[in-house]
Amino acid sequence: MIEQWMHEKLKKDIGEVRYNHSIGVMNTSMELAKLYGYPEGEAELAGFLHDCGKLKDKINLLKIAKEFDIILDNVMQHNPELIHGPLGEKIAIKEYKVTNKNVLNAIRYHTTGRENMSLLEKIVYIADIIEPGRKFEGVDTIRQLAYEDIDKCLLYAVDRTIVFVISKGKLIHLDTIKARNQLIILKDLE
């Protein structure tokens, strides 16, 4: 159960719209955790805090990342939208007193994914995409796959994300490429 002070702080820090999204991700993470036999409490916390690094004041994002000693790779320097994952991990530790490494990794990698994703990382990555407030072409297919086969869903979602990022002319993070490649290899081994 998320404490009341955390609800109030998160809403103040990221704004009501993003807060409502976080509640949707939290609930969806818990549903997926139950389905796949993962501890619901960890999924609840990770889903709730996944966007705690998406601060309302984005102007100082690079400065804040530096204050937290976050070393930004080339892709993050050119696509600040990706900073909120690693920043969220640091904020979760410092301001929300989270110590669970599984939860922290799920927060850190919920946008890029990575090679060897844990079940919780997969759950939060997917929940962020399919929570009830999300409306985009293809979301219903991702939602359906999420409740059938988490790895198949993850691969489909990563593929769609890569196509979207390319359509926007943005850089693709290497962690996303590594996640996709590993999922393809695992699929080929089946």
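Presented here is an overview of the structure given in this document. (Residues numbered from 1 in each chain as written. Predicted model: local features only at pLDDT ≥ 70, side-chain atom pairs only at ≥ 80, totals over all residues. Heavy atoms only, no water.)

1. As for helix α2 (residues 16-36)
- In this model α2 runs 30 Å from its N-terminal to its C-terminal C-alpha over 21 residues, within 8% of the 30 Å that 1.5 Å per residue would give.
- Every buried residue of α2 is listed here: Tyr19, His21, Ser22, Ile23, Gly24, Val25, Met26, Thr28, Ser29, Leu32 and Ala33.
- Of the surrounding elements, those touching the buried residues of α2 are α1 (4-14), α3 (40-49), α8 (119-130) and α9 (139-146). (Helix = DSSP H or I, 4+ residues; strand = E, 2+ residues; numbered from the N terminus. Expected span 1.5 Å × (residues − 1). Buried < 20%, exposed > 50% of the residue type's maximum accessible area, 1.4 Å probe, protein only. Contact = heavy atoms within 4.5 Å.)

2. Thoughts on unusual backbone geometry
- Positive phi is not limited to glycine here, since Lys97 has a value of about 60°.
- Position of Lys97 among the secondary structure elements: in the loop between α6 (84-96) and α7 (101-108).
- By relative accessible area, Lys97 is classed as exposed at 60%.

3. A look at the environment of Ala146
- Structurally, Ala146 is set in helix α9.
- On the basis of relative accessible area, Ala146 is assigned to the buried category, the value being 1%.
- Distance from Ala146 to Ala157, taken between C-alpha atoms, is 9.6 Å for residues 11 residues apart in sequence.
- Not counting the four nearest positions on each side in its chain, Ala146 is found in contact with Leu32, Leu35, Tyr36, Ile126, Ile130 and Cys153.

Interpretation note: all reported values are geometric properties and have no functional meaning in isolation.
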